[in-house]
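One letter stands for each residue in the lines below.
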There are 2 protein chains.
Amino acid sequence: MGKQIIAVDLGGTQIRTARYDLDLNLLQRENTLTQAHLGLQPTIERMKAFVRKVMPACRDEILGLGISSPGPLNPFTGVIVAPPNLQGWLDVPLRDIMESEFNVPVYIGNDANVAALAEASKGAAQGSRHVTYITVSTGIGAGIICDGKLLLGRDGLAAEFGHIPIVLDNGMVSSVEREAAGPAIARRVKREIQEGAKSKVMEIVQGDLNRIDAKAVGMAAAAGDQLGIAQLAYAGRIIGLGIVAILHLFNPEVIVIGGGVSKTGDLLFAPMREALRTHVMDEAYIKDLRIERSALGDDVALVGAAALAATDGGNLDISELDRRF
Amino acid sequence: MGKQIIAVDLGGTQIRTARYDLDLNLLQRENTLTQAHLGLQPTIERMKAFVRKVMPACRDEILGLGISSPGPLNPFTGVIVAPPNLQGWLDVPLRDIMESEFNVPVYIGNDANVAALAEASKGAAQGSRHVTYITVSTGIGAGIICDGKLLLGRDGLAAEFGHIPIVLDNGMVSSVEREAAGPAIARRVKREIQEGAKSKVMEIVQGDLNRIDAKAVGMAAAAGDQLGIAQLAYAGRIIGLGIVAILHLFNPEVIVIGGGVSKTGDLLFAPMREALRTHVMDEAYIKDLRIERSALGDDVALVGAAALAATDGGNLDISELDRRF
């Protein structure tokens with residue numbers, strides 16, 4: 001057995017751990033509930049226990065341990081700042097904690113950034129050097145590969161696509177995320193229904209307004225519900241405008257889109273593509289552009305954590321992955 | 001004398017040529033009028049003649065020849081596509097033309113991109129690895145240094161900051177450039193005056209509405225004219241919103257602002273900074289951010305053309321500049 005990598009996907013709901021070879025082929029995997037409500041220390045102990053399950057007897061075989069975590073976090077210091085869905089986590093020096101426990105190099109990246117590495121290394125953007133990964137879920141995040149390297153920025157705070165300021169409606173400034181993430185879609189549908197609109201969404205949530213979420217809106221829209229279709233189209237257009245900013249700034253080769261809301265498919269993607277065609281400054285930006293659905297699905301953060309370790313925390317060019325040893 | 005670099009700044013008004021040493025110190029410079037109205041071939045002959053003026057007797061001393069040109073252009077093929085201010089230029093293979101003439105390696109970059117290299121190498125952002133250069137003039141352009149390297153994108157079309165889409169009150173999509181470049185500022189002032197507003201601008205242009213430009217607006221605003229102040233503030237706010245997108249996506253260390261409109265100073269910069277403070281998602285993005293005026297002024301494209309050649313067309317990290325030989 002050659003060198004291997006340990007990967008951890010620390011999420012608000014689940015902790016997944018796995019072992020990969022250096023080609024990012026899965027060798028072993030485990031998962032458990034995060035149970036974040038129990039607090040910081042029990043979650044860390046649980047993470048350690050599930051890392052141990054995938055750790056080989058001989059530590060020397062391990063090149064590194066990569067962790068995907070919700071942000072904000074500092075990838076250079078390995079400190080998790082204050083993720084909204086990890087209760088009680090505040091400035092946790094997770095890298096140091098894991099390095100002292102396992103005595104291997106530990107790398108920490110935010111979930112959207114490592115997902116970009118994953119899709120560029122083993123997913124829908126494999127072989128491309130100019131890649132933007134966008135996740136549309138309860139939030140909207142992105143990770144960007146610039147000419148083969150993960151874009152981190154001075155403090156590792158790149159690339160918050162969801163926070164592009166985009167709408168100056170009635171003079172107010174909003175953002176891609178506040179207009180187009182799952183909760184925004186659900187909120188607008190709910191408001192329209194409260195104001196008297198009819199919608200199939202109400203059947204799906206069995207008449208309970210508070211159960212309306214983007215998934216229910218997507219189901220209704222797929223069944224032809226006009227309100228659902230209109231609200232997904234609005235979200236798609238806003239995301240499309242954000243992508244126009246990305247195209248003009250980065251001139252990428254591939255845009256990979258993941259996250260739960262992206263499962264609504266063309267209901268979201270068609271208006272998004274229409275916004276690109278309408279608002280791009282020059283045909284050259286979209287002529288050979290590929291827009292792909294995430295190929296790695298639920299595994300994207302786990303593969304990304306492994307890719308993070310394999311690229312020395314994003315310091316290496318993704319083309320070096322095969323050549324490192 | 002060690003190795004040297006030839007630099008060309010091809011502009012709509014002037015052609016400047018110069019010779020630099022490898023530390024980008026100026027050794028010799030020349031300039032002439034472009035006279036673009038004479039057409040393509042005379043302009044190229046004029047450029048060649050003024051390159052010859054700065055070319056040393058021994059060609060072996062020349063590391064390369066860098067050219068700053070208005071875009072759109074393809075830095076990978078060295079073809080100038082169709083610059084609006086160079087009449088008759090359409091898909092001109094300028095790199096090949098200059099390489100056959102002078103038999104030295106030729107590198108071509110758009111003016112905003114090479115300006116970013118210049119400010120990061122020898123200007124206001126010297127020593128920084130995460131730099132955004134923005135020029136506010138008749139257009140709004142940008143060049144971005146990501147972790148020490150010039151961002152070009154797949155086809156070299158990055159980084160069109162001016163074309164970030166901005167959604168206006170009436171639901172229409174505009175862009176940073178269409179709202180905040182010099183002509184937009186002049187257009188709004190002119191319209192308000194036509195609709196009856198009083199403004200000191202009219203004294204400056206001696207009553208001739210058609211002579212209103214951003215410079216006149218800036219002069220009036222500096223003298224306390226409320227209309228000029230308001231319109232520069234609007235432009236500053238729009239540029240500020242565009243910079244918020246840059247901060248969230250790139251997390252830069254320094255933003256350098258150049259171009260004629262930036263000479264209006266705090267009339268533009270104060271509302272811009274206010275937009276940053278108001279709309280940035282987290283204090284961390286602006287805590288240590290430096291916002292600087294261009295240090296190289298009119299020489300920025302010429303120094304940038306030299307820096308482009310010195311970095312092998314932007315392929316080398318700017319930190320390699322000193323170590324190349």
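Here, every reference points to the structure presented above.
The rules we used
- Here the residue numbering is sequential within each chain, running from 1 through the sequence in written order.
- For naming, the first written chain is A and the first written ligand is 1, with later ones following in the order written.
- At least 70 in pLDDT is required for a residue's local features to be given in this predicted model, at least 80 for side-chain atom pairs to be given and counted, and no such filter applies to totals for whole chains, interfaces and linings, which use all residues.
- Side-chain measures here rest on the full set of heavy atoms in the structure, leaving out hydrogens and waters.
- Helix and strand assignments follow DSSP, with helices taken as H or I runs no shorter than four residues and strands as E runs no shorter than two, numbered in order from the N terminus.
- Restricting the calculation to C-alpha atoms gives the radius of gyration, and the globule rule supplies 2.2 Å times the number of residues raised to the power 0.38.
- Contacts between residues were defined by any pair of non-hydrogen atoms, one from each residue, lying within 4.5 Å.
- For accessible areas, the Shrake-Rupley method is used with a probe of radius 1.4 Å. Any residue's cover is judged against the shown protein chains and nothing else.
- Asp and Glu are treated as the negative residues and Lys and Arg as the positive ones, with His and the ends of the chain left uncounted.
- Charge positions are represented by NZ for Lys, CZ for Arg, CG for Asp and CD for Glu.
- Put simply, buried area is how much 1.4 Å-probe accessible surface two parts lose in total, over both of them, once they are put together.
- In what follows, salt bridge is the name for a side-chain nitrogen of Lys or Arg lying within 4 Å of a carboxyl oxygen of Asp or Glu.
- Amino acids are sorted into nonpolar (Ala, Val, Leu, Ile, Met, Phe, Trp, Tyr, Cys and Pro), charged (Asp, Glu, Lys and Arg) and polar (every other residue, Gly among them).
- A least-squares fit on C-alpha atoms brings the copies together, and the residues used are those whose pLDDT is at least 70 in both copies.
- A pair of strands counts as paired when DSSP detects no fewer than two bridges linking them.
- Axis geometry follows a simple rule: fit a line to the C-alpha atoms, using only the stretch in contact for helices, then measure angles between N-to-C directions, giving values from 0 to 180 degrees.
- The rule is simple: put a 1 Å grid over the protein atoms alone, call a set of points where a 1.4 Å probe fits but cannot get out a cavity, call an open set with protein on both sides within 12 Å along at least five of seven lines a pocket, and count a residue as lining if it has an atom within 4 Å of a point.
- Grid points are joined across faces, edges and corners, and a volume is the space filled by probe spheres set on the points.
- Any Phe, Tyr or Trp ring, taking Trp's six-membered ring, that has another such ring centre within 6.5 Å forms a pair; planes under 30 degrees apart are called stacked, those over 60 apart edge-to-face, and the others tilted.
- Only protein chains enter the area calculation, which uses a 1.4 Å probe; residues under 20% of their type maximum are buried, those over 50% are exposed, and those in between are partly exposed.
- Only when the NZ atom of a Lys or the CZ atom of an Arg is both within 6 Å of the ring centre and within 35 degrees of the ring normal do we say a charge sits over the ring.
- By this rule the span expected of a helix is its residue count minus one, scaled by 1.5 Å.

> Tell me what's going on with the overall build of chain A, and back it up with residues and numbers.
Counting secondary structure elements, chain A contains 10 helices and 14 strands. At 20 Å, chain A has a C-alpha radius of gyration in line with the 20 Å of a compact globule built from 325 residues. Each principal axis of the C-alpha distribution contributes one length, and for chain A these read about 65 × 50 × 35 Å. Considering only contacts within chain A whose residues lie at least 6 apart along the sequence, 64% involve residues at least 24 apart. Counting only carbon and sulfur atoms, one obtains 48% of the accessible surface of chain A, whose full area is about 12700 Å². Here chain A carries 32 positive and 38 negative side-chain charges, and the mean point of each set is 3 Å from the other.

> Residues and numbers for the interface of chain B and chain A, please.
Between chain B and chain A, the contact holds 43 residues from the first and 43 residues from the second. Interface area for chain B against chain A, summed over the two sides, is near 3500 Å², with a carbon-plus-sulfur share of 62%. Broken down residue by residue, the surface that chain B buries against chain A is led by Arg154, Val167 and Leu249 of chain B, which jointly contribute 22%. Taken together, chain B and chain A are joined by two salt bridges. A salt bridge links Asp147 of chain A to Lys149 of chain B; the nearest nitrogen and oxygen atoms lie 3.6 Å apart. Elements that contribute at least two residues to the side of chain B that touches chain A include exactly strand 9 (140–146), strand 11 (165–167) and helix 8 (226–250) of chain B. Element by element, the count of residues in the side of chain B that touches chain A is highest for helix 8 of chain B, at nine residues. When its residues are assigned to classes, the side of chain B that touches chain A shows 26 nonpolar, eight polar and nine charged.

> Now, about the relation of the copies chain B and chain A: what can you tell me, with residues and values included?
Mapping chain B onto chain A leaves a residual RMSD of 0.2 Å; the transformation is a rotation of 180° accompanied by 0.0 Å of translation along its axis. Interpreted geometrically, this transformation is the action of a two-fold axis. Identified as the residue of chain B closest to the rotation axis by C-alpha distance is Asp169 of chain B, at 1.6 Å. Take the interface residues of chain B: 98% of them recur as interface residues in chain A, which is what a same-surface contact looks like.

> Would you mind going over the sheet that holds strand 9 (residues 140–146) of chain A in detail, with residue names and values included?
Residues and elements named next belong to chain A. Judged by pairing direction, the sheet is mixed, and its five strands sit side by side in the order 10-9-8-13-14 without closing on themselves. Each having just a single partner strand, strand 10 (149–150) and strand 14 (290–293) make up the two edges of the open sheet. The sheet contacts of helix 3 (residues 111–122) involve strand 8 (131–136), strand 9, strand 10 and strand 13 (254–258), and relative to strand 9 the element is tilted by about 50°. Set on the sheet, helix 9 (residues 266–279) makes contact with strand 13 and strand 14; between it and strand 14 the angle comes to about 160°.

> For empty space enclosed by the protein, give the residues involved together with the corresponding values.
What the rule picks out here adds up to three cavities of 30 Å³ or more. As a volume, the largest cavity reaches approximately 40 Å³. Leu151 of chain A together with His130, Val131, Thr132, Ile144, Ile145, Cys146, Asp147, Phe250 and Pro252 of chain B together form the lining of the largest cavity. Counting only elements with at least two residues in the lining of the largest cavity, the list comes to strand 8 (131–136) and strand 9 of chain B. When residues of the lining of the largest cavity are assigned to their parent elements, the largest contribution, three residues, is made by strand 9 of chain B. Of the residues contributing to the lining of the largest cavity, the split by class is seven nonpolar, two polar and one charged.

> Run through the packing of aromatic side chains, naming residues and quoting values.
The full count for this structure, using the stated rule, is one aromatic pair over all chains. A centroid spacing of 4.4 Å and a plane angle of 20° characterise the contact between Phe250 of chain A and Phe250 of chain B, whose relative ring orientation is stacked. With Phe250 of chain A in helix 8 (residues 226–250) and Phe250 of chain B in helix 8, the pair connects residues from two separate chains. Note on accessibility: Phe250 of chain A and Phe250 of chain B belong to one class, buried. Directly above the aromatic system of Phe269 of chain A lies the positively charged group of Arg293 of chain A, at a separation of 5.5 Å from the ring centroid. The cationic tip of Lys53 of chain B hangs over the ring face of Phe50 of chain B; the distance from NZ or CZ to the ring centre is 4.9 Å.

> Which residues make up unusual backbone geometry, and what are the values?
Residues and elements named next belong to chain B. Here Gly71 and Pro72 are connected by a cis peptide whose omega angle stands at -5°. Ala159 follows Ala158 through a cis peptide bond whose omega is 5°. Along the chain, Ala159 turns up in the loop between strand 10 (149–150) and strand 11. Even without being glycine, Asp147 reaches a positive phi, approximately 45°. Inspection of the secondary structure assignment puts Asp147 in the loop between strand 9 and strand 10.

> Which residues make up helix 5 (residues 182–194) of chain B, and what are the values?
Residue and element names in this part refer to chain B. The end-to-end C-alpha separation of helix 5 is 18 Å, in line with the 18 Å expected for 13 residues at 1.5 Å each. Those residues of helix 5 that fall on the buried side of the exposure criterion are Gly182, Ala184, Ile185, Ala186, Arg188, Val189 and Ile193. Where helix 5 is buried, its residues touch helix 4 (176–180), helix 6 (201–204), helix 7 (214–222) and helix 8. Directly beyond the C-terminal end of helix 5, a positive phi value near 110° is found at Gly196.

> Quick one: what's the story with the side chain of Ser69 of chain A, residue by residue and with numbers?
Residues and elements named next belong to chain A. Residue placement: Ser69 occurs in strand 4 (residues 62–69). Given the relative accessible area of 0%, Ser69 is considered buried. Apart from residues lying up to four places away in sequence, Ser69 is in contact with Leu10, Ile80, Gly109, Asn110 and Asp111.

> Can you break down the pattern of salt bridges residue by residue, with the values?
Where charged atoms of side chains with opposite charge meet at close range, the side chains can pair. Inspection of every chain in the model, using the stated rule, returns 24 salt bridges over all chains. Here Arg154 of chain B ties to Asp155 of chain B by a salt bridge, and the two come within 2.7 Å at their closest N and O atoms. Arg154 of chain B gets classed as buried once you look at its relative accessible area, which sits at 16%. Because the salt bridges share partners, they merge into one network encompassing Glu45, Lys48, Arg52 and Glu101 of chain A.

> Report on the environment of Lys200 of chain B, specifying residues and quantitative values.
Residue and element names in this part refer to chain B. With respect to the helices, strands and loops of the structure, Lys200 is situated in the loop between helix 5 and helix 6. You can call Lys200 partly exposed: its relative accessible area is 33%. C-alpha of Lys200 to C-alpha of Gln226: the two residues are 26 residues apart in sequence and 8.7 Å apart in space. Beyond its immediate chain neighbours, meaning those up to four positions away, Lys200 contacts Ala220, Ala223, Gly224 and Asp225.

> Tell me about the side chain of His248 of chain A, residues and numbers included.
Among the secondary structure elements, His248 of chain A is positioned in helix 8. Classification of His248 of chain A as buried rests on a relative accessible area of 1%. Contact partners of His248 of chain A, with chain neighbours within four places excluded, come to His279, Val280, Met281 and Tyr285 of chain A together with Leu157, Ala158, Ala159, Glu160, His163 and Ile164 of chain B.

> Mind laying out helix 1 (residues 40–54) of chain A, listing which residues take part and the relevant values?
All names here are of chain A. Between its terminal C-alpha atoms helix 1 stretches 22 Å, which fits the 21 Å expected from 15 residues at 1.5 Å a residue. Looking at helix 1, one finds that the buried residues are Thr43, Ile44, Met47, Lys48, Phe50, Val51 and Val54. Buried residues belonging to helix 1 abut strand 1 (4–10), strand 2 (14–21), strand 3 (26–33), strand 4 and helix 2 (94–102).

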